[in-house]
Amino acid sequence: MNAIEIKNLTKNFGEKQALKGLDMTVPVGAIYGFIGENGSGKSTTEKILCGLIPYNGGDVKLFGKPLTDVNIRANIGVLIESPGCFPSLSVWNNLMIQAANLGITNAADEVRKVLKLVRMEGAAGNKYKNCSLGMKQRIGIAMALLGDPALLVLDEPINGLDADGMRIMREVLTDLAQNHGCTVLVSSHILGELEKIATHYGIVRGGRMIKEMTAEELNASCRTFVALQTKNQENTKFVLRNRYARVEEDEQGYLRVYEAKNPEEVVTYLYEKGILVHEIKTAKIGLEEYYIDLMKEKGAR
Ligand SMILES: Nc1ncnc2c1ncn2[C@@H]1O[C@H](COP(=O)(O)OP(=O)(O)OP(=O)(O)O)[C@@H](O)[C@H]1O
Ligand SMILES: [Mg+2]
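From a predicted model like this one, the values you see are computed outputs, not experimental measurements.

Draft legend 1. Region of the structure containing the domain arrangement of the protein. Along its sequence, the protein is carved into domain 1 (2–219) and domain 2 (223–284). A separation of 43 Å is found between the C-alpha centroids of domain 1 and domain 2.

Draft legend 2. Examining the site of ligand 1 more closely. Around ligand 1, a shell composed of Phe13, Lys16, Ala18, Gly36, Asn38, Gly39, Ser40, Gly41, Lys42, Ser43 and Thr44 is seen. Of the residues forming the shell around ligand 1, the biggest block, three residues, is contributed by helix 1 (residues 42–49). Here the shell around ligand 1 is built from residues that sort into two nonpolar, seven polar and two charged.

Draft legend 3. Local environment of the sheet that holds strand 5 (residues 65–66). Judged by pairing direction, the sheet is antiparallel, and its four strands sit side by side in the order 2-1-4-5 without closing on themselves. In the strand order of this sheet, the two ends are held by strand 2 (16–27) and strand 5, each with one partner. Two elements, strand 4 (residues 57–62) and strand 5, share two bridges in a ladder whose sense is antiparallel. Of the residues in strand 5, the one forming a bridge with leucine 62 is lysine 65.

Draft legend 4. Quick peek at the sheet that holds strand 8 (residues 183–187). One open sheet accounts for six strands, arranged 6-7-8-3-9-10; its pairing is mixed. Looking along the sheet, the strands with just one partner apiece sit at the ends: strand 6 (76–79) and strand 10 (208–214). This sheet shows a mean twist of 15° between the axes of neighbouring strands, independent of strand direction. Across the sheet, helix 1 lies against strand 3 (31–35), strand 7 (151–155), strand 8 and strand 9 (200–205), angled at about 145° from strand 7, the strand it touches most. Here helix 6 (residues 163–179) sits on the sheet in contact with strand 3, strand 7 and strand 8, set at roughly 150° to strand 8.

Draft legend 5. Summary view of the environment of alanine 245. As for its position among the elements, alanine 245 is in the loop between helix 9 (233–241) and strand 12 (247–249). With 15 residues separating them along the chain, alanine 245 and alanine 260 place their C-alpha atoms 9.9 Å apart.

Draft legend 6. Broad picture of the nonpolar core. Counting residues in each nonpolar core, the largest one holds 66 residues, and the members touching the most others are Ala142, Val184 and Leu185. Here this core takes six residues from helix 5 (residues 133–145), the largest share from any one element. Among the nonpolar cores identified, the runner-up in size contains 12 residues, and Phe225, Ala227, Leu228 and Leu255 belong to it.

Draft legend 7. Expanded view of the packing of helix 5 against helix 6. Where helix 5 meets helix 6, the axes come as close as 10 Å, and the angle between the chain directions of the two elements is 15°. With respect to helix 6, the axis of helix 5 lies roughly parallel. Judged by the twist between their axes, the crossing of helix 5 over helix 6 is right-handed. Here helix 5 contributes Gly134, Gln137, Arg138 and Ile141 to the contact with helix 6, which in turn contributes Gly165, Ile168, Met169 and Val172.

Draft legend 8. Here's a closer look at helix 3 (residues 91–101). Regarding helix 3, the residues found buried are Val91, Asn94, Leu95, Gln98 and Ala99. Seen end-on, helix 3 carries its buried residues on one side only, within an arc spanning 135°. Among the structural elements, helix 4 (107–117) and helix 5 are those in contact with the buried residues of helix 3. Downstream of helix 3 by one or two residues, glycine 103 has phi in the positive range, about 75°.

Draft legend 9. Structural context of unusual backbone geometry. Look at phenylalanine 63: it is not a glycine, yet its phi comes out positive at around 50°. Of note, phenylalanine 63 is situated in the loop between strand 4 and strand 5. One non-glycine residue, aspartate 148, lies in positive phi territory at about 55°. Within the secondary structure, aspartate 148 sits in the loop between helix 5 and strand 7.

Procedures and definitions
- Residues numbered from 1 in each chain as written.
- Chains lettered and ligands numbered in written order.
- Predicted model: local features only at pLDDT ≥ 70, side-chain atom pairs only at ≥ 80, totals over all residues.
- Domains from an automatic or database assignment.
- Near = placed C-beta within 6 Å.
- Helix = DSSP H or I, 4+ residues; strand = E, 2+ residues; numbered from the N terminus.
- Nonpolar A, V, L, I, M, F, W, Y, C, P; charged D, E, K, R; others polar.
- Pairing = 2+ DSSP bridges.
- Axes fitted to C-alpha atoms, helices over the stretch in contact; angles between N-to-C directions.
- Contact = placed C-beta atoms within 7 Å.
- Core = buried A, V, L, I, M, F, W, Y, C linked by C-beta atoms within 7 Å.
- Buried ≥ 20, exposed ≤ 12 C-beta atoms within 10 Å, placed from the backbone.
- Parallel < 35°, antiparallel > 145°, perpendicular 65-115°, else oblique.
- Left-handed = near helix turned anticlockwise from the far one by under 90°.
- Arc of directions from axis to C-beta.

What follows is the structure, encoded as C-alpha cells:
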C-alpha cells in the first residue's frame, strides 16, 4: 500500500500556479526525500497533504483514503516551519499542552514516549526558549509524533543543524521508519545528508514531479569514475583525453575519468606517458551530482 498517492495536483495562489499537475507516490515505510529548487512546490504540497491549505484540482489519497476522510488527518504528524511552542514554558509542558489539544488521555506516558523517541528525555525540564536549534527541531518532531501518526511530514527539519544535530536527526528518522512503522516525508536542500537516510526520492520542478525513484535505482543509475591528482593537472587532462572521451576536473581539484575500467589501467597508461600519479581513487556520483545533471538536462523552465 502507498502512504501517499497524489495525481495531477494543482494549486493556485491568485495568479501564481504553484502546483501544475503534480504526481507523487510514497510507499508505506519509506523515508521519502522530497527535493527541488526554491519555489518548486515542496512546502505547498506538504501543506495540502496536512490539510493546512486547500487545493484546486487533482486527487490526493493517504493510505488509500481520500484526504477528506476525517480519520486520516489524525494519522499525520507535521513539522512545517518551527513548532508552535510557548517560549517560557518547559519542553515537557509544551508537549503536555499539545497532548491535551489532541485529546490524548494518557498524556504523561505519551509525552515521555515521544521525548524518548527524539532523544530528549534529559531536556524535558528546559525552557523551550533556552533550547538549541537542533533541540527545537527535535521538539517539533516530538510534537508531530504525539498521537502516534503513521505518516510524518517534515519540511526541512535538518536546516541549520550542526554535524551532531544532523547525526541525531538521521538516527531518529531512521529509527522511526525502521522500528516504529512510520512513513516519513522529508524535504531538504541538504542532499548529501538526505542521501544517508532516504529510501525513495521525488524531485520536483516548477510545480511538477520530474523524477521519482528508489535509493537502489539512484545507486544503479549513478556511474562510477576514477579520480586522480598529478603534479600538472592541465597536461594530464590533455594526455588522458587522447584515450578517454570524458575527463573533467571537479571542485576538489581531482581529474575524473569516467570510462576507465579501474585505477590500475589509468596509472599504467599515465606512467607510460611519463606522468606520475600522486593520488587515485574510485568514486560514485552521488545524489547531489545526479540532481544537478538532471536539472541541466531538463533545461530552464
Ligand atoms: N501563500 C502564498 N501566496 C502566494 N504564493 C505562494 C504562497 N505560498 C507559496 N507561494 C508560491 O508558490 C510557489 C511554491 O512555493 P513553495 O513554498 O511550495 O516552494 P518550496 O519548494 O517549498 O521552496 P523552498 O525550497 O524555498 O522552501 C512559489 O512560487 C511561491 O512563491
Ligand atoms: Mg519550502
